[in-house]
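So you can see what is in the structure, the chains are spelled out below.
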Amino acid sequence: MSQTVTQTWQIATVTSVHDESSRVKLFTLELAHITPFRAGQHFDLRLTAPDGYQAQRSYSVTSSPDEPNSIELAIELISEGEVSSYFHEAVEPGDKIEIRGPIGGHFTWSPVAAKPVVMICGGSGIAPIMSMLRHRNSTGSDVPALLLFSTRTVADILFRDELETMAHHDPKFHLVNALTRIPTIGSVFAKKFEQGQIGRREMRRIDRSMIDAAFAELGVKPARAYICGGSDFVESMANHLLNAGMANNSIRTERFGP
Amino acid sequence: MINNKFFGRRRPEPSRPIPPGQYLEDGFPVLSAGPTQRIDIAAWDFTIEINDKTVGSWSWDSLNALTQSDIHTDLHCVTKWSKQDTDWRGVTIDTLLADAGVETPTGFVMASCDGGYTTNVPAADVIDGKGLLVHTYDGEPLAAEHGGPVRLLIPHLYLWKSAKWIRSLKFTDQDSPGFWERYGYHMYGDPWREQRYTND
């Protein structure tokens, strides 16, 4: 259970920048020092302005720990966010970033924890969970896993193709997308719903009945839960899982800071 | 290392300095490793142990019957936000120890909470008014998501040391790591020395 944090700052090189949605970019960073991490952990990034002003933020790794030489981070553009706006507006491949980690250890998953797992996330809360699902996939784990992923629209479903491919090929991985912005009939959004029905889509917020139905589809009651998103979302989802009979100590949460 | 294209969005200078690596936050973010604990005040109690011996135990009513202290302080979270000018009411650990009729312990203390959370600090950091059990924030009962009905408050250390949903303090001669400390967070956690992780 003991985890060593890589204490020293190192300089990482940005090797790719990818627009994952209108508000989220994926950054791949190559690390000078190979840094094993666990699925769900995060890294601290530190930016320094020419006059010495510094800002630090934490970002969850989205890539699998099976590829420890580089890490992928999903950075959502936050209004007034000095670090996220720098990444969105200025960072290009070849740029150097100061980084240290991995950090955290409670919100982590490994296939060794051979318990059916439910993961619930809102928006960019998919980030640490994506690392877990990629790790599960690349290790060939047959641990039953259920992902309930809440976004506003289809266009906001990060890693959509990859998640649908996983769900298509893996009968033990169940995907439910909850879309909270109801599309107008006949609109562009509604047309998008009709395409590619891999996984299930629900046109409402995640609620207790959606969770119960998803548990029934999974066919086994999850014994471990990971919830990541905004604070109110996490609060509400944790209460649903407690009400659904999951044990308090089986529920791990990661709440976005400000 | 300088990031040439980074200038930052400077916020107005805080009225008082904040620790290195921190930024000022107006809201009161909630960061917990698990579900919010829902605690029945009627069933709540709090105990102090010294070297495995229970020296005092308090119910909600007996805690509230003790001398209450008000504290105006700044908070510093290891996730980089600081919040200035917060107001709390509660009972100092000194008051509890005096009520139990015991000498001020030395060594270390482990805080234990509903939900299984723990955190460790030196005993000296909860005495002389430095540590309190608080039940009121900004004049209102402390909300469950912020650790209510009662949380520990040790404002001179990073906020993970101010354990939510506190149920006991165990004083011992030996220091041992609590929940986050076992995951590589600092054993002491002084924000002014930026002691975020083990070797900081």
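The rules behind each value
- Residues numbered from 1 in each chain as written.
- Chains lettered and ligands numbered in written order.
- Predicted model: local features only at pLDDT ≥ 70, side-chain atom pairs only at ≥ 80, totals over all residues.
- Heavy atoms only, no water.
- Contact = heavy atoms within 4.5 Å.
- Buried area = accessible area lost by both parts, 1.4 Å probe.
- Salt bridge = Lys/Arg side-chain N within 4 Å of Asp/Glu carboxyl O.
- Polar contact = N/O pair within 3.5 Å; in protein donor to acceptor, adjacent residues only side chain to side chain.
- Nonpolar A, V, L, I, M, F, W, Y, C, P; charged D, E, K, R; others polar.
- 1 Å grid on protein atoms, 1.4 Å probe; cavity = no way out; pocket = protein on both sides within 12 Å on 5 of 7 lines; lining within 4 Å.
- Points joined across faces, edges and corners; volume = space filled by probe spheres on them.
- Helix = DSSP H or I, 4+ residues; strand = E, 2+ residues; numbered from the N terminus.
- Buried < 20%, exposed > 50% of the residue type's maximum accessible area, 1.4 Å probe, protein only.
- Disulfide = S-S within 2.5 Å.
- Axes fitted to C-alpha atoms, helices over the stretch in contact; angles between N-to-C directions.
- Parallel < 35°, antiparallel > 145°, perpendicular 65-115°, else oblique.
- Left-handed = near helix turned anticlockwise from the far one by under 90°.
- Core = buried A, V, L, I, M, F, W, Y, C linked by side-chain atoms within 4.5 Å.

### Some thoughts on the interface of chain A and chain B
Consideration 1: Contacts between chain A and chain B engage 49 residues on the former and 40 residues on the latter.
Consideration 2: Summed over both sides, the interface of chain A with chain B buries roughly 3,800 Å², with 51% coming from carbon and sulfur.
Consideration 3: For Asp95(A), the salt bridge is made with Lys5(B), and the minimal N-O distance between the two is 2.9 Å.
Consideration 4: For the pair chain A and chain B, the interface holds 19 residue pairs in polar contact (both at pLDDT 80 or more).
Consideration 5: Each residue belonging to the side of chain A that touches chain B can be placed in one class, and the counts come to 17 nonpolar, 17 polar and 15 charged.

### Section: the layout of surface pockets
Consideration 1: Each pocket or cavity is described by its volume, and for the second largest pocket that value is around 450 Å³.
Consideration 2: Taken together, 22 residues form the lining of the second largest pocket, with Tyr53(A), Gln54(A), Ile18(B), Gln22(B) and Tyr23(B) sitting closest to its centre.
Consideration 3: Here the lining of the second largest pocket gets four residues from one element, more than from any other, and that element is strand E4 (residues 54-60) of chain A.

### Quick word on the side chain of Glu164(A)
All names here are of chain A.
Consideration 1: Within the fold, Glu164 resides in helix H3 (residues 160-169).
Consideration 2: Overall, Glu164 belongs to the buried group, its relative accessible area being 7%.
Consideration 3: Side chain to side chain, Glu164 and Arg201 meet in a polar contact 2.8 Å long.

### Let's talk about the state of the cysteines
Consideration 1: Considering all chains together, one arrives at zero disulfides over all chains under this definition.
Consideration 2: Just so you know, Cys228(A) is unpaired, no disulfide at all, and the nearest cysteine sulfur is the one on Cys121(A), 7.3 Å from it.
Consideration 3: With no disulfide partner, Cys113(B) has as its closest neighbouring cysteine sulfur the one in Cys77(B), 15 Å distant.

### Quick word on the packing of helix H2 (residues 126-138) of chain A against H3(A)
Residue and element names in this part refer to chain A.
Consideration 1: With their axes 12 Å apart at the nearest point, H2 and H3 run at an angle of 40° to one another. Classified by the interaxial angle, the pair formed by H2 and H3 is oblique. Handedness of the H2/H3 crossing: left-handed. Contact residues: H2 offers Ile126, Met130, Leu133, Arg134 and Asn137, while H3 offers Glu162, Leu163 and Met166.
Consideration 2: Residue composition of the contact of H2 with H3, by class: five nonpolar, one polar and two charged.

### A few points about the nonpolar core
Consideration 1: One finds Leu96(B), Ile166(B), Leu169(B) and Phe171(B) to be the most contacted residues of the largest nonpolar core, which totals 38 residues.
Consideration 2: Every element with two or more residues in this core is listed here: strand E2 (45-50), helix H2 (93-100), strand E6 (108-113), strand E11 (166-172) and helix H3 (179-182) of chain B.
Consideration 3: Excluding its chain neighbours within four sequence positions, the residues that come into contact with Leu96(B) are Phe46(B), Ile48(B), Trp58(B), Leu63(B), Leu66(B), Val91(B) and Leu133(B).
Consideration 4: Formed by 31 residues, the second largest nonpolar core is a distinct cluster that contains Val24(A), Cys121(A), Ala127(A) and Leu158(A).

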